[in-house]
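Coordinate inspection notes
Spelled out, the chains give:
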Amino acid sequence: MPRPISAIIHLDNLQHNLSVVRQHSGQAKIWSVMKADGYGHGIKHIWPALKATDGFAVLDLQEAILLREEGWKGPILLLEGFFQPQDLGVIDQYHLTTSVHSEWQLYAIENAQLSTPISVYVKLNSGMNRLGFPVSGYQNVIEQLAKMENVGSITLMSHFANSDSHTGVIEPFEKIKQFSHLSLQTCIANSGATLWHKDTQYDWVRTGILLYGASPSGKSADIQQYPLKAAMTLQSEVIAMHDIAAGESIGYGSRFTASKPMRIATVACGYADGYPRHAPNGTPVWCNGTRCALLGAVSMDMLSIDITHCSDVKLGTTVELWGQNLPVDDVAQAAGTIGYELMCALAKRVPVRYEKSVE
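Residues numbered from 1 in each chain as written. Predicted model: local features only at pLDDT ≥ 70, side-chain atom pairs only at ≥ 80, totals over all residues. Heavy atoms only, no water.

**Focus on the nonpolar core**
Quick note on the threshold: Side-chain atoms within 4.5 Å link the members of a nonpolar core, which is a set of buried Ala, Val, Leu, Ile, Met, Phe, Trp, Tyr and Cys residues. Three exposure classes are used, based on accessible area relative to the maximum for each residue type with a 1.4 Å probe and protein chains only: buried under 20%, partly exposed in between, and exposed over 50%. Runs of H or I in DSSP of at least four residues are treated as helices and runs of E of at least two as strands, each being numbered from the N terminus. Only heavy atoms enter the contact rule, under which two residues are in contact if any of them lie within 4.5 Å.
Counting 109 residues, the largest nonpolar core has Ile109, Leu145 and Tyr275 as the members making the most contacts within it. At five residues, helix α1 (residues 11-23) tops the list of elements feeding residues into this core. Apart from residues no more than four positions distant in its own chain, leucine 145 is found in contact with Leu106, Ile109, Val120, Val122, Val151 and Ile154. Grouped together as the second largest cluster of nonpolar side chains are seven residues, Ile250, Ala258, Met262 and Ile264 included.

**Observations concerning the environment of isoleucine 209**
Mapping isoleucine 209 onto the fold places it in the loop between β9 (204-207) and β10 (232-244). When the C-alpha positions of isoleucine 209 and tyrosine 340 are compared, they lie 7.1 Å apart, and in sequence the two are 131 residues distant. Setting aside residues up to four positions removed in sequence, isoleucine 209 forms contacts with Tyr39, Ser191, Ala214, Ser215, Pro216, Tyr340 and Met343.

**Re unusual backbone geometry**
One non-glycine residue, serine 183, lies in the positive phi region at around 55°. Structurally, serine 183 can be placed in the loop between α8 (166-177) and β8 (185-189). Even without glycine at this site, serine 254 takes up a positive phi of about 45°. With respect to the element layout, serine 254 can be found in the loop between β11 (249-250) and β12 (256-257).

**Observations regarding the pattern of salt bridges**
The line we're drawing: Any carboxyl oxygen of Asp or Glu within 4 Å of a side-chain nitrogen of Lys or Arg constitutes a salt bridge here.
In the structure shown here, the tally under the stated rule is nine salt bridges. The closest approach of N and O atoms between aspartate 243 and arginine 263, which form a salt bridge, is 2.9 Å. Remark: arginine 263 occurs in strand β13 (residues 262-267) and aspartate 243 occurs in strand β10; sequence separation between them is 20 residues. Judged by its relative accessible area of 59%, aspartate 243 falls in the exposed class. What makes arginine 263 partly exposed here is its relative accessible area of 29%. Among the ionic pairs, arginine 353 bridges to glutamate 355, the shortest N-O distance being 3.1 Å. By sharing partners, the salt bridges in this structure join Arg3, Asp273, Asp301 and Arg349 into a single network.

**Thoughts on helix α7 (residues 135-146)**
Here is the rule we go by: Between the first and last residue of a helix there are one fewer steps than residues, each counted as 1.5 Å, and that sum is the expected span. The arc in question is formed by the directions pointing from the helix axis toward the C-beta atoms.
Between the first and last C-alpha of α7 there are 18 Å, a value that for twelve residues agrees with the 16 Å anticipated at 1.5 Å per step. Burial in α7 covers these residues: Tyr138, Val141, Ile142 and Leu145. Relative to the axis of α7, the buried residues are bounded by an arc of 100° and lie together on one face.

**Quick look at the sheet that holds strand β3 (residues 55-58)**
The pairing of strands in a sheet happens through backbone hydrogen bonds and is either parallel or antiparallel. Filter applied, for reference: Pairing between strands requires that DSSP locate at least two bridges from one strand to the other. As a rule, the C-alpha atoms of each element are fitted with a line to give its axis, helices using only the stretch in contact, and angles between N-to-C directions run from 0 to 180 degrees.
Read around the closed barrel, eight strands run β2-β3-β4-β5-β6-β7-β8-β9, paired in parallel fashion. Taking each pair of neighbouring strands and ignoring which way they run, the sheet shows an average axis angle of 30°. Sheet topology places strand β2 (residues 29-33) next to β3; three bridges connect them, and they run parallel. Looking at the pairing, tryptophan 31 lines up with glycine 55 of β3. Here helix α6 (residues 103-111) sits on the sheet and contacts β5 (97-100), β6 (118-123) and β7 (151-157); the angle it forms with β5, its principal contact strand, is near 140°.

**Points about the side chain of histidine 41**
Topologically, histidine 41 is positioned in the loop between α2 (35-39) and α3 (43-46). Among all residues touching histidine 41, those that are not within four sequence positions of it are Ile9, Ile46, Tyr212, Ala231, Met232, Met343 and Tyr354.

**Examining the packing of aromatic side chains**
Test applied: Here the aromatic set is Phe, Tyr and Trp, taking the six-membered ring for Trp, and pairing holds for ring centres within 6.5 Å; pairs whose planes are under 30 degrees apart are stacked, those over 60 apart are edge-to-face, and all others are tilted.
Under the criterion given, the structure shown has ten aromatic pairs. Between phenylalanine 56 and tryptophan 72, the aromatic rings sit 4.8 Å apart at their centres with planes inclined by 70°, giving edge-to-face as the arrangement. Here tryptophan 72 lies in the loop between α4 (61-70) and β4 (76-78) and phenylalanine 56 lies in strand β3, a separation of 16 residues in the sequence. The exposure class assigned to phenylalanine 56 is buried, which follows from its relative accessible area of 0%.

**What about the pairing of β10?**
Note that strand β1 (residues 6-10) and β10 share four bridges and pair antiparallel. In the sheet register, isoleucine 9 faces β10, and the bridge partner there is methionine 232. As judged from the four bridges shared by β10 and strand β17 (residues 318-322), these two strands associate in the antiparallel manner. Opposite serine 236, over in β17, you have valine 319 as the bridge partner. The pairing of β10 with β13 spans six bridges and is antiparallel. Counterpart to aspartate 243 in the pairing with β13 is arginine 263.

**Quick word on the state of the cysteines**
Here is the rule we go by: In this description, a disulfide is simply a cysteine sulfur pair whose atoms lie within 2.5 Å.
In this structure the tally under the stated criterion is zero disulfides. The closest cysteine sulfur to the non-disulfide-bonded cysteine 269 is located on cysteine 287, 13 Å from its own sulfur. Cysteine 269 gets classed as buried once you look at its relative accessible area, which sits at 0%.

**So, the pairing of β13**
With five of six residues buried, β13 is to be regarded as a mostly interior element. Of the pairings in the sheet, the one linking β13 to strand β16 (residues 303-306) comprises four bridges and is antiparallel in character. The partner of threonine 266 across the bridge, within β16, is serine 304.

Structural data, given as structure tokens:
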């Protein structure tokens, strides 16, 4: 028998979450963000569940080519643009839209040999200081692109560093508004802004984490009012149980020592499966309908949980590390990280099963 750990990707939930995003995005079109192999969910397998989207946004050319080869004919946006001038040939061949954020890219586009003009998203550095042109030179860049024969449509683009707060969107929003007189399409809203700042939605929104059923803020309570559903469940089984006395310890480094008699269960899941090694004592784990507490250090292949007050646990009892009953954000918050990281870190050795209701 194989090791009992597995990840389940709920395709119906992806489809459902897209419909929820649609309900909250007004008249804006939706870029469904699929970078990091669909946030760890597997682009090849999940894109059909999201085919009602208006476009897919990805990180690199290989993700874009995969979508084209799988049959997607709609828009595809390269969020970080292209990395070498020769990439423009692939963008031309596969009819991709690229972001533009650096002067060298302007020169490359102007001098490329293309069969048709390409669509570009011009990145404004509105204060996040990762990618983009400064406000002072932004209009000049747009005017340069507008004169190029190799450029088709032009869209204004920026990003929010703090979309989970009202004050976090004010400055970048005011900066992009300076260019509204250009009458170009605009795309600045990410998942958080899509939900919480309707005036930033403009023509396109870029939603990623919402599609996968997690919170842009990293706090599950912040999205409780929205009927989003977890797209990934990571589950395993109890493979051993022990009764320990007060004073006995658990795992490497004896990080947890019992202050009273306890019953613990060993679960077939560890940091080599993508579970956070730094998760502290008390990190929630769902077992037999109850939230139990992680105890001791997470090993490469196993972890331990407190089942002292969890009835009817036996060998083979299913344990949910995150998913339908336990939000990934709750696990991530306890471990000092975010749900994005946990989903993207799912290890290759974990078997993945894709589930969809029978139509």
